[in-house]
Amino acid sequence: MAADPGDLLRERIVFVLVRPQQSGNVGTVARAMKNMGLRRLVVVAPVAFDIDKARWMAPGAAGLLDSARYVPTVADAVADCRRVYATTARGRHDHWPAHTTRTFAPEIFDGDGASAVLFGPEDRGLANEDLLHAHSLLHIPTDAHASLNLGQAALLVAAALFDEAQARGHVPRPDGE
């Protein structure tokens, strides 16, 4: 029997924020995740993190921030994940397969175990050392100007996952829980 796609969203997909610089951005990611049915957030070595600023940007999603894991390294964040996708705007395809938001979601839903999506720091994205933990790269298609903030990027990835869950029969719960 296939796993329930809603359960997959809530239990097996992990969003990992690597060294986020703005607490409010952590909150916007939590809000995006909550809207799209995702529940597992891991924050790696946040810079001067202020939970109150994060909560202010996450109306209705404060519980997700409270249940988030806060860890010191990317290795800690992805230790239980079978697949790791690293978001990037740079062309670094030499060592990794590359996906777009359209092509990666089916792979996550067809596999076993947890999968993580890494989002890098707001000012320069993921470092090469962070990419050592990735199995694939994830590009969010844009036009000529490829500059998304952290919350926007997370929402686009979360929406692609939500769309895939719906295509597989997920019916959102009216209470959002």
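Undergrad: Outline the side chain of Asp 130, listing residues and values.
TA: Mapped onto the elements, Asp 130 comes out in helix α7 (residues 128-131). In this structure the side chain of Asp 130 is engaged in a polar contact, spanning 2.7 Å, whose partner is the side chain of Arg 19. A polar side-chain atom of Asp 130 sits 2.9 Å from the main-chain amide nitrogen of Ala 127. Ignoring anything within four residues of it in the chain, the contact list for Asp 130 reads Val 18, Arg 19, Val 74 and Leu 118.

Undergrad: Just give me the short version of the environment of Leu 118, but keep the residues and values in it.
TA: Its place among the elements puts Leu 118 in strand β6 (residues 114-119). Leu 118 sits 51 residues away from Ser 67 along the chain, and the two C-alpha atoms are 18 Å apart. Residue contacts for Leu 118: discarding those within four places in its chain leaves Val 16, Val 18, Val 74, Val 78, Val 84, Tyr 85, Ala 86, Thr 87, Leu 126 and Asp 130.

Undergrad: Please set out the nonpolar core residue by residue, giving values where relevant.
TA: Side chains that are nonpolar tend, in soluble globular proteins, to be buried together. Of all hydrophobic cores here, the largest spans 37 residues; its most connected members are Phe 15, Leu 38, Leu 41, Phe 104, Phe 119, Val 157 and Leu 161. Of all the secondary-structure elements, those providing two or more residues to this core are α1 (5-11), β1 (13-18), α2 (23-35), β2 (40-44), α4 (62-67), α6 (101-110), β6 and α8 (150-167). Element by element, the count of residues in this core is highest for α8, at 9 residues. Excluding residues within four positions of it along the chain, Leu 38 makes contact with Leu 9, Ile 13, Phe 15, Met 33, Leu 64, Ala 158 and Leu 161. Core analysis: the second largest hydrophobic core is formed by 20 residues, Val 16, Val 44, Val 74 and Leu 118 among them.

Undergrad: Help me get a handle on the sheet that holds strand β7 (residues 136-139), residues and values and all.
TA: One open sheet accounts for 7 strands, arranged β3-β2-β1-β6-β4-β7-β5; its pairing is parallel. Here the strands that pair on one side only, and so sit at the sheet edges, are β3 (69-71) and β5 (98-100). Along the sheet, successive strands turn relative to each other by an average axial angle of 30°, direction set aside. Strand direction decides the pairing type here: β1 and β6, joined by 5 bridges, are parallel. Note on β6: the bridge partner recorded for Val 14 is Ala 116. Contacts from α2 reach β1 and β2 within the one sheet, and its direction differs from that of β2 by about 165°. With respect to the sheet, α8 is in contact with β1, β6 and β7, its orientation differing from that of β1 by roughly 165°.

Undergrad: So what's going on with α2? Residues and values would help.
TA: For α2, built from 13 residues, the straight-helix expectation of 18 Å at 1.5 Å per residue is met to within 8% by its first-to-last C-alpha distance of 19 Å. Every buried residue belonging to α2 is among Ser 23, Gly 24, Asn 25, Val 26, Gly 27, Val 29, Ala 30, Ala 32 and Met 33, and all of these are buried. Those residues of α2 hidden inside the fold are in contact with β1, β2, α3 (51-56), α4 and α8. One or two residues past the end of α2 sits Gly 37, with phi positive at roughly 85°.

Parameters at a glance
- Residues numbered from 1 in each chain as written.
- Predicted model: local features only at pLDDT ≥ 70, side-chain atom pairs only at ≥ 80, totals over all residues.
- Heavy atoms only, no water.
- Helix = DSSP H or I, 4+ residues; strand = E, 2+ residues; numbered from the N terminus.
- Polar contact = N/O pair within 3.5 Å; in protein donor to acceptor, adjacent residues only side chain to side chain.
- Contact = heavy atoms within 4.5 Å.
- Core = buried A, V, L, I, M, F, W, Y, C linked by side-chain atoms within 4.5 Å.
- Buried < 20%, exposed > 50% of the residue type's maximum accessible area, 1.4 Å probe, protein only.
- Pairing = 2+ DSSP bridges.
- Axes fitted to C-alpha atoms, helices over the stretch in contact; angles between N-to-C directions.
- Expected span 1.5 Å × (residues − 1).

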